[in-house]
Amino acid sequence: MSNQDDSLTELFDKSGNLIGALLTAELWTKVKPHILPLLPKAEPEERPEPMSAWVELKQYWDFSYPIDLDVKCDHCGSTTEHWEIDSPRKFRLVSANLGGLVSFKCSECKSRITKQHFKDKIVTKCTPFIDEKDKNFEARYNYSNK
């Protein structure tokens, strides 16, 4: 069944139940601004934690201090003494590399916690999450110094 000008075509299953509709491009451009706010916002699928990169960093650890497993979010106050064994996880590993750069995402507020491991010290930065997304649903972080 379709309407008079064929810009909308309703789709039915074999039992006659309405299962969808096809719109012409012209009609879609007219109704899109009204429909998009009604659609559920799908969260982008989270990548698995790069645990192999973390294991490799630990294997080749050559800093003058022991491996640090504590993580603290300066934004919401969430904290852990050992991020690997938390259940549920308070912080998810986002990246790790042999250069000593390790990054986490706070499960509470989504802030980014970055630990830069230098030979004699660790520099930690907490960058609050900003819920502004581009077309590809990529998160944006405010890196300005306060």
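Our structure is the block above this text.
The rules behind the values
- Residues numbered from 1 in each chain as written.
- Predicted model: local features only at pLDDT ≥ 70, side-chain atom pairs only at ≥ 80, totals over all residues.
- Heavy atoms only, no water.
- Pairing = 2+ DSSP bridges.
- Helix = DSSP H or I, 4+ residues; strand = E, 2+ residues; numbered from the N terminus.
- Salt bridge = Lys/Arg side-chain N within 4 Å of Asp/Glu carboxyl O.
- Buried < 20%, exposed > 50% of the residue type's maximum accessible area, 1.4 Å probe, protein only.
- Patch = residues over 30% accessible without salt bridge, like charges linked within 9 Å, V, L, I, M, F, W, Y side chains within 5 Å.
- Areas by Shrake-Rupley, 256 points an atom, 1.4 Å probe, with all protein chains shown as cover.
- Core = buried A, V, L, I, M, F, W, Y, C linked by side-chain atoms within 4.5 Å.
- Contact = heavy atoms within 4.5 Å.
- Polar contact = N/O pair within 3.5 Å; in protein donor to acceptor, adjacent residues only side chain to side chain.
- Axes fitted to C-alpha atoms, helices over the stretch in contact; angles between N-to-C directions.

J.: Explain the pairing of strand β8 (residues 122–127) here, please?
T.: Where a strand is regular, its side chains alternate between the two sheet faces. Of the strand pairs in this sheet, strand β7 (residues 112–117) and β8 are connected by six bridges, and their pairing is antiparallel. The partner of arginine 112 across the bridge, within β8, is threonine 127. The antiparallel pairing of β7 with β8 creates a hairpin that spans four residues between the two strands.

J.: What exactly am I supposed to notice about the pattern of salt bridges here?
T.: Side chains that differ in sign of charge can pair as their charged atoms come close. The full count for this structure, using the stated rule, is seven salt bridges. Here lysine 115 and aspartate 68 are joined by a salt bridge, their closest N and O atoms 2.4 Å apart. Placement of lysine 115 in strand β7 and of aspartate 68 in the loop between α2 (51–59) and β3 (71–72) is noted, with a sequence separation of 47 residues between them. Side by side, lysine 115 and aspartate 68 carry an identical accessibility label, which is buried. With its nearest N and O atoms 3.4 Å apart, the salt bridge here joins lysine 72 to aspartate 74. A residue is classified by how much of its surface remains accessible, and lysine 72, at 47% relative accessible area, is partly exposed. Linked by salt bridges that have partners in common, Asp68, Asp70 and Lys115 make up one network.

J.: Even after reading the chapter, I still don't get a nonpolar patch on the surface, so can you show me in this structure?
T.: On the surface, Leu23, Trp28, Leu36 and Leu39 cluster together to form a nonpolar patch covering roughly 320 Å² of accessible area. Within the element layout of this structure, leucine 36 appears in the loop between α1 (25–35) and α2.

J.: Quick question: what am I supposed to make of the nonpolar core here?
T.: Ranked by size, the top nonpolar core spans 18 residues in total, and within it Trp54, Trp83, Phe91, Leu93, Val102, Phe104 and Ile113 carry the most contacts. Mapped by element, the contributors of at least two residues to this core are α2, β5 (91–96) and β6 (101–106). Leucine 93 has contacts with Glu49, Pro50, Met51, Trp54, Trp83, Val102, Ser103 and Phe104, leaving out every residue within four places of it along the chain.

J.: Hey, could you run me through the environment of threonine 80 in this one?
T.: By the secondary structure assignment, threonine 80 is in strand β4 (residues 79–80). Owing to a relative accessible area of 5%, threonine 80 belongs among the buried residues under this scheme. Note: C-alpha distance between threonine 80 and leucine 69 (eleven residues apart in sequence) is 8.2 Å. Apart from the residues lying within four places of it in its own chain, the contact partners of threonine 80 are Asp70, Val71, Asp86, Lys90 and Phe91. Side-chain polar atoms of threonine 80 contact the backbone nitrogen of histidine 82, separated by 3.2 Å. Separated by 2.6 Å, the side chains of threonine 80 and aspartate 86 make a polar contact.

J.: What's the story with the sheet that holds β7 in this structure? I'm lost.
T.: Sheet strands line up and pair through hydrogen bonds in the backbone, either parallel or antiparallel. Spatial ordering of the open sheet is given by β5-β6-β7-β8, a layout of four strands whose pairing is antiparallel. Looking at which strands have only one partner, the edges of the open sheet turn out to be β5 and β8. On average, adjacent strands in this sheet sit at an angle of 20° to one another, irrespective of strand direction. Note: β6 against β7, five bridges, orientation antiparallel. Bridge pairing in β7 places lysine 105 opposite arginine 112. Contacts from α2 reach β5 and β6, with the element oriented near 70° to β5.

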